[in-house]
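# Close look at the chain arrangement
One-letter residues, chain by chain:
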Amino acid sequence: MASSTARPRTQDDRPPGGDVARRLLDSAAKLAYDPAVEVDWETPLDKRFHGASPEWSTLYGTAYWDEMTEEQRRELTRQEAASVACTGIWFEMILQQMVLRDIYTKDPTGAEVQWALTEIADECRHSIMFARGAAKLEAPPYRPHRFALELGRAFKTLAFGEVAYAAILVAEEVLDVMQRDWMRDERVVPFVRTINNIHVVEESRHMKFARDETRRRLAGAGPLRRRINALVIAIASYVIVTSMVNKKVYANAGLDERRAVREAKANEHHKAMMRSSCSGLMEFLASARLLTGPALAFYKRAHLI
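### Brief notes about the overall build of the protein
- Within the protein, the secondary structure is distributed over 14 helices and 0 strands.
- For the protein, the sequential pattern of α-helices and β-strands runs α-α-α-α-α-α-α-α-α-α-α-α-α-α.
- The C-alpha radius of gyration of the protein comes to 20 Å, within 12% of the 19 Å expected for a compact globule of 305 residues.
- Along the first, second and third principal axes, the C-alpha atoms of the protein reach 75 × 45 × 30 Å.
- Buried positions account for 53% of the 305 residues belonging to the protein.
- Taking as baseline every contact in the protein between residues at least 6 positions apart, the subset at least 24 positions apart corresponds to 82%.

So this is what it looks like as structure tokens:
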């Protein structure tokens, strides 16, 4: 039992991240959603709509896309949206474990821990929301390939500090940009637009905290630590981004999987969309001196830069 004579923690003793955490707690109290209530789960899926903006499809701009019927295009975007949602669940589970490990021994009365718990609660709701959304899109439970799953298992166990928070930021930033397009697109089925709006609003707070924590954890870091962590973050980013669209989406949309995979890999339009969506993220990583030569190789391979 702790001694009753121990000096209580004062405001000046709290971590620098506490100010940001308190503002985020205030924001969450004013603007938060309950997907169980906000999303229309009852109306049957209207297959006249896409699951995501067509321009974000991995096949948009290819010869295969030009040959597809409108029905096939809509089905493909629904399957791709479901795959992105399932990948989001996978990484949100990793995120929750990393954040819990990070706050395990910290002061639970402080704003930083309370914000972290709020973020975890948000992610739990988001994961359930994504799962229900994927099911409503009539998609199977897409999973990353085995190698990615095992890398994720190791990452959630070992990653800490700026590595954990920068990887969290990468995953959230990439999703954020595409979902901002989807939530405004009237071609996208309404319940998916609502899901995307909820996620964008609440993840904006998570990204603010991740940026702040990344900068704070890197303060005073030496060059060797930065180089090692920059590479680990880049590898994690590569695995996350390349796991977003499962190759099985093509067969489930009634397409030739082998041809679709081949054309998707060569699709310059989709590569350009990914690069443009990550410009802000790359600027942040550069400002944090996390864009080393080896790290850049992985970001280029994932078409993030």
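### Some words on the packing of aromatic side chains
- Tallied over the entire structure, the rule returns 5 aromatic pairs.
- Here W115 and F209 contribute two aromatic rings whose centre-to-centre distance is 6.3 Å and whose plane-to-plane angle is 65 degrees, an arrangement assigned as edge-to-face. Of the two residues, W115 is situated in helix 5 (residues 111-136) and F209 in helix 8 (residues 190-218); the sequence distance between them amounts to 94 residues. F209 carries the same exposure label as W115, and that label is buried.
- By the ring-pair criterion, three or more aromatic residues cluster together here, those being W115, Y165 and F209.
- Above the face of the F191 ring, K136 is positioned so that its terminal group lies 4.7 Å from the ring centre.
- Over the ring of Y64 we find R259; its NZ or CZ atom is 4.1 Å from the centre of that ring.

### What about the packing of helix 7 (residues 161-184) against helix 8?
- Viewed as axis vectors pointing N to C, helix 7 and helix 8 meet at an angle of 155 degrees, and their least axial separation amounts to 8 Å. Classed by the angle they form, the pair helix 7 and helix 8 counts as roughly antiparallel. Remark: the crossing between helix 7 and helix 8 carries left-handed chirality.
- Its residues assigned to classes, the contact of helix 7 with helix 8 comprises 12 nonpolar, 7 polar and 11 charged.

### Details of the layout of surface pockets
- Roughly 890 Å³ of volume is contained in the largest pocket.
- In terms of lining residues, the largest pocket is bounded by 33 residues, among which T58, V241, T242, V245 and K265 are the most central.
- Within the residue set of the lining of the largest pocket, elements represented by two or more residues are helix 4 (70-103), helix 7, helix 9 (223-242), helix 11 (257-265) and helix 12 (268-277).
- Counting residues per element, the lining of the largest pocket draws most heavily on helix 4, at 4 residues.
- Residues belonging to the lining of the largest pocket are distributed by class as follows: 16 nonpolar, 11 polar and 6 charged.

### So, helix 7
- With 24 residues, helix 7 extends 35 Å between its outermost C-alpha atoms, agreeing within 8% with the 34 Å of an ideal straight helix rising 1.5 Å per residue.
- For helix 7, the buried fraction is high: 20 of the 24 residues fall into the buried class.

### Thoughts on the nonpolar core
- Ranked by size, the top nonpolar core spans 96 residues in total, and within it L59, L76, M178, F191 and Y250 carry the most contacts.
- Looking at which element gives the most residues to this core, the answer is helix 4, with 14 residues.
- Every residue in contact with Y250, bar those within four places of it in the chain, is listed here: T58, L59, L76, E80, V245, L255, E257, A260, V261 and A264.

### Considerations on the pattern of salt bridges
- Within the structure shown, the criterion is met by 24 salt bridges.
- The partner of D185 in a salt bridge is R187, and the shortest N-O contact between them spans 2.7 Å.
- Each of the salt bridges in this network shares a partner with another, and the network as a whole consists of D102, K106, E112, E213, R216 and R217.

### Brief notes about the packing of helix 5 against helix 8
- Close contact between helix 5 and helix 8 brings their axes to 10 Å; oriented N to C, the two are set at 145 degrees. Where helix 5 crosses over helix 8, the handedness of that crossing is left-handed. Residues E112, W115, E119, D122, E123, R125, H126, M129, F130, G133 and K136 of helix 5 pack against F191, I195, I198, H199, E202, E203, R205, H206, F209, E213, R216 and R217 of helix 8.
- Broken down by class, the residue content of the contact of helix 5 with helix 8 amounts to 7 nonpolar, 4 polar and 12 charged.

### Section: the environment of V174
- Within the element layout of this structure, V174 appears in helix 7.
- V174 sits in the buried class, given a relative accessible area of 1%.
- For V174 and I240, which are 66 residues apart along the polypeptide, the C-alpha to C-alpha distance reads 9.7 Å.
- Excluding residues within four positions of it along the chain, V174 makes contact with V241, M244, M274 and C278.

### Some remarks on the confidence of the model for the protein
- Across the protein, pLDDT averages 91, with 94% of residues at or above 70.
- Helix 1 (residues 17-30) is the least confidently modelled element of the protein, averaging 88 in pLDDT, while helix 3 (residues 63-67) averages 98, the highest of any element.
- Taken together, the stretch residues 1-16 has pLDDT below 50 and engages in 14 contacts with residues farther than four places along the chain or on a different chain.

Conventions we followed
- Residues numbered from 1 in each chain as written.
- Predicted model: local features only at pLDDT ≥ 70, side-chain atom pairs only at ≥ 80, totals over all residues.
- Heavy atoms only, no water.
- Helix = DSSP H or I, 4+ residues; strand = E, 2+ residues; numbered from the N terminus.
- Rg over C-alpha atoms; globule rule 2.2 N^0.38 Å.
- Buried < 20%, exposed > 50% of the residue type's maximum accessible area, 1.4 Å probe, protein only.
- Contact = heavy atoms within 4.5 Å.
- Phe/Tyr/Trp six-rings, centres within 6.5 Å; stacked < 30°, edge-to-face > 60°.
- Lys NZ or Arg CZ within 6 Å of the ring centre and 35° of its normal.
- Axes fitted to C-alpha atoms, helices over the stretch in contact; angles between N-to-C directions.
- Parallel < 35°, antiparallel > 145°, perpendicular 65-115°, else oblique.
- Left-handed = near helix turned anticlockwise from the far one by under 90°.
- Nonpolar A, V, L, I, M, F, W, Y, C, P; charged D, E, K, R; others polar.
- 1 Å grid on protein atoms, 1.4 Å probe; cavity = no way out; pocket = protein on both sides within 12 Å on 5 of 7 lines; lining within 4 Å.
- Points joined across faces, edges and corners; volume = space filled by probe spheres on them.
- Expected span 1.5 Å × (residues − 1).
- Core = buried A, V, L, I, M, F, W, Y, C linked by side-chain atoms within 4.5 Å.
- Salt bridge = Lys/Arg side-chain N within 4 Å of Asp/Glu carboxyl O.
- pLDDT = per-residue confidence, 0-100.

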